[in-house]
Amino acid sequence: MTAEATGVRLACDGPVATVTLCRPDVLNAQTPAMWRAMSDFSRDLPGDVRVVVVRGEGRAFSAGLDLAVAGASGPGSFAELATLSEQECAAQIAELQAGFTWLHRPDIISVAAVQGHAIGAGFQLALACDLRVLAADAKLSMAEVTLGLVPDLAGTKRLVELVGYSRALEICATGRRLDAAEADRIGLATLVVPPGDLDGAVRDLTAGLLAGARDAVVEIKALIAGAAGRSHADQQRAEREAQTRRLRDLAGRGE
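Because the structure is a prediction, the values reported are computed rather than measured.

Asks: What should I look at first to understand the nonpolar core in this one?
Replies: A general feature of soluble globular proteins is that nonpolar side chains tend to end up buried together. Of all hydrophobic cores here, the largest spans 45 residues; its most connected members are Met 38, Val 52, Trp 102, Leu 159 and Leu 188. The dominant element in this core, judged by the number of residues it contributes, is helix H6 (residues 121–128), at six residues. Leave out the neighbours within four places in its chain, and Leu 188 touches Phe 123, Leu 127, Arg 132, Leu 159, Leu 162, Val 163, Leu 178 and Ala 183. Core analysis: the second largest hydrophobic core is formed by 15 residues, Val 133, Val 202, Leu 209 and Val 217 among them.

This is the structure in structure tokens:
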């Protein structure tokens, strides 16, 4: 399907892929069709891509779920999901989550370029990325609770990992908005820049990520991503094993 039909497009330029939400007339409000298209992007990604940048056209990253679609009665609507068995409903949600979780892939580093609103599904899309560059005008909110819903697009664990249990609970249970300064203070933002500098900051960060050897960066991401679930001894062993692989590879003795 075309970007015009799905509201999202993928463009690849060598080692950098860019996912762009392209519904600026509705502040890039998201639909199930967009999520399914984003899931397909993981299969379409060329093997030489190392960095994926996620951004939104216009003045907002994403205002969240498109309630005009979700509140209707057609495919993907709340009404349709409510008619399914618990297992069928959960299976459909799992398919939609895949549009976000592929950004966790170990062989890429994903970067969200966030301007304006990142609400609900928009906030969760930014959380799905490894790094977040925020324009100073960014406003973030986990607003699902205001609809009587829960965040279900793989954002809750990522939020806890970044800001801790109690703050994550407060953010999700109140649905309040955070500005870029607070996001920076509590660890949600990798970098905050003036709105006019967002594109340049993302380019500079991408260049820095590409400067290192690909295999070393992949090993580093795996070490950092798994660190929270390992003991100190297990993490030290993982470091030893990763370094052994790198040394053997650099010496031409890798598999």
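Asks: What am I meant to see in the packing of aromatic side chains here?
Replies: Geometrically, a pair of aromatic rings is defined through the distance of the ring centres and the angle of the planes. Within the structure shown, the criterion is met by one aromatic pair. Ring geometry for Trp 35 against Phe 100: centres 6.0 Å apart, planes inclined by 65°, an arrangement best described as edge-to-face. Placement of the pair is Trp 35 in helix H2 (residues 32–44) and Phe 100 in helix H5 (residues 86–101), with a sequence separation of 65 residues. Both residues of the pair, Trp 35 and Phe 100, belong to the buried class.

Asks: How do you make sense of the layout of surface pockets when you look at a structure like this?
Replies: The calculated volume of the largest pocket comes to roughly 600 Å³. Contributing to the lining of the largest pocket are 19 residues, with Asp 130, Arg 158, Glu 161, Ile 224 and Ala 225 lying nearest its centre. Put simply, the parts of the chain that give the lining of the largest pocket at least two residues each are helix H7 (156–163) and helix H11 (214–227). Among the elements that make up the lining of the largest pocket, the one with the highest residue count is H11 (six residues). Among the residues forming the lining of the largest pocket, the class breakdown is 11 nonpolar, two polar and six charged. By volume, the second largest pocket is sized at about 480 Å³. The wall of the second largest pocket is formed by 25 residues, among which Leu 65, Phe 78, Glu 144, Leu 149 and Asp 152 lie closest to the centre.

Conventions we followed
- Residues numbered from 1 in each chain as written.
- Predicted model: local features only at pLDDT ≥ 70, side-chain atom pairs only at ≥ 80, totals over all residues.
- Heavy atoms only, no water.
- Core = buried A, V, L, I, M, F, W, Y, C linked by side-chain atoms within 4.5 Å.
- Buried < 20%, exposed > 50% of the residue type's maximum accessible area, 1.4 Å probe, protein only.
- Helix = DSSP H or I, 4+ residues; strand = E, 2+ residues; numbered from the N terminus.
- Contact = heavy atoms within 4.5 Å.
- Phe/Tyr/Trp six-rings, centres within 6.5 Å; stacked < 30°, edge-to-face > 60°.
- 1 Å grid on protein atoms, 1.4 Å probe; cavity = no way out; pocket = protein on both sides within 12 Å on 5 of 7 lines; lining within 4 Å.
- Points joined across faces, edges and corners; volume = space filled by probe spheres on them.
- Nonpolar A, V, L, I, M, F, W, Y, C, P; charged D, E, K, R; others polar.

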